[in-house]
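Topology and contacts: notes
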Amino acid sequence: MSEKKTIALAGVGNCGMYFCEELSLDNRYDVVVLTRQKNKSFNNPKVNTQVTDYSEDSVLSILNATGSSALISLVRCPEEQYISLHQGFLNACIRSIKCKRFIPSEWAGNIEDFPDLPGEYGKTRAPFRTILQQSHGIEWTLFCHGWFMEYFIPEDKSYMTHLPGEFPIDLKSWSYCVRGTGEEPQTWTCGRDVAKAVAELLAAPQWEPVTYIAGERGTFNKAAKQMEEFYGRPFSRTYRSINDIKESLKQHRDDGDSLQLGLAEAEEWTVSGATACPEDKTRRQLVKYFSKIKFSTLEELLIQAEAVDKI
Ligand SMILES: NC(=O)c1ccc[n+]([C@@H]2O[C@H](COP(=O)([O-])OP(=O)(O)OC[C@H]3O[C@@H](n4cnc5c(N)ncnc54)[C@H](OP(=O)(O)O)[C@@H]3O)[C@@H](O)[C@H]2O)c1
């Protein structure tokens, strides 16, 4: 068996928990978590927690001290901090002794055909992608999976925080907001499967600039119907036309990092096709990198959520 690799995770919050758990269960890896929190604990002896202010020098010294070979960012921060934070991560990798692989915090959908969606990504991830393309000495990939599938199950069953109005299906109010026609293509993937896929990719000899996976491909109309049948309970429905969404975007476009603008941008993302990872490339990369993984379907996730306390 080849030598264990140490993987550094920056910003373990909601979806980061799946990475922390899955990578520490995987015998190929040791896990280091970088965090700003002095008291952050994962109740997991396999996770080495390192406190940092995420400055380049601080991250560099942790990468070197732990012998990390890859840095994965799962940070979600205010828009104006994203580029400088990730520039620091990139520079730290370039300057490090061993950490020559980097995955920045994307975790979105079809970023190649829709590089500026959701709107926040256009202002943060898109310019940082240009910086990455001009960098040398680092292998990087932008990892995308569509929506986290956990938004379809009750909030207390997963690590994902539900932001009311962000996802079209709201379990608390048992309602479905049909955005656009509801027939727009989507992909969704379980957080745990995203983490397992990244574990496979970390073992692959070479990366591509963008990596896609998709647990399932569908539409919100189909998923809503499936959930209504599964739970035997119809959703109340509201409707948001493309024009309504455009109007909200116009109304809030100068509001900076506001919640209302974020929600309007999530709506725009939902109806644009950008939430769906591109079919051909996703299929090709499934064969190339992820053939060992059995990705959960929505049906399987719903069944599992009934059976366990936490997914
Ligand atoms: N496709 C989807 O459906 C979907 C859904 C949700 C999220 N995402 C994406 O996934 C990524 C992670 O999202 P998440 O929901 O897991 O994030 P999150 O839990 O809100 O935050 C992750 C971590 O970011 C760090 N952080 C927060 N504010 C920061 C700041 N000002 N400066 C530096 N670090 C900060 C914190 O780590 P410490 O406190 O430990 O330092 C936090 O635990 C983001 O890129 C997000 O856009 C995608």
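Up top is the structure.
The rules behind each value
Residues numbered from 1 in each chain as written. Predicted model: local features only at pLDDT ≥ 70, side-chain atom pairs only at ≥ 80, totals over all residues. Heavy atoms only, no water. Helix = DSSP H or I, 4+ residues; strand = E, 2+ residues; numbered from the N terminus. Expected span 1.5 Å × (residues − 1). Contact = heavy atoms within 4.5 Å. 1 Å grid on protein atoms, 1.4 Å probe; cavity = no way out; pocket = protein on both sides within 12 Å on 5 of 7 lines; lining within 4 Å. Points joined across faces, edges and corners; volume = space filled by probe spheres on them. Nonpolar A, V, L, I, M, F, W, Y, C, P; charged D, E, K, R; others polar. Axes fitted to C-alpha atoms, helices over the stretch in contact; angles between N-to-C directions. Left-handed = near helix turned anticlockwise from the far one by under 90°. Disulfide = S-S within 2.5 Å. Buried < 20%, exposed > 50% of the residue type's maximum accessible area, 1.4 Å probe, protein only.

A rise of 1.5 Å per residue sets the reference length of helix H3 (residues 79–95), with its 17 residues, at 24 Å; its end C-alpha atoms lie 25 Å apart and thus fit the reference within 8%. The secondary structure elements touched by the buried residues of H3 are strand E1 (5–10), helix H2 (56–66), strand E4 (68–73), strand E5 (101–103), helix H4 (119–123) and helix H5 (125–133).

Secondary-structure assignment places Ser248 in helix H8 (residues 242–252). Other than its neighbours up to four places away in sequence, Ser248 contacts Arg240 and Ala264.

By the definition in use, this model includes one cavity of 30 Å³ or more. Considered as a void within the structure, the largest cavity measures approximately 30 Å³ in volume. For the largest cavity, the full set of lining residues is Trp188, Glu216, Arg217, Gly218, Thr219, Lys222, Ala223, Gln226 and Leu298. When its residues are assigned to classes, the lining of the largest cavity shows three nonpolar, three polar and three charged.

It is worth spelling out the packing of H8 against helix H9 (residues 259–272) at this point. One way to put it is that H8 packs onto H9 with a least axis distance of 9 Å and a crossing angle of 145°. Regarding H8 and H9, the two cross each other, and that crossing is left-handed. Contacts between H8 and H9 involve Ile242, Ile245, Ser248, Leu249 and His252 from the first element and Gln260, Leu261, Ala264, Glu265, Glu267, Glu268 and Val271 from the second.

The full count for this structure, using the stated rule, is zero disulfides. The thiol sulfur of Cys20 is not disulfide-bonded, and the nearest other cysteine sulfur, from Cys15, lies at 11 Å. Judged by its relative accessible area of 2%, Cys20 falls in the buried class. No disulfide involves Cys277; its sulfur sits 6.1 Å from the nearest other cysteine sulfur, which is in Cys144.

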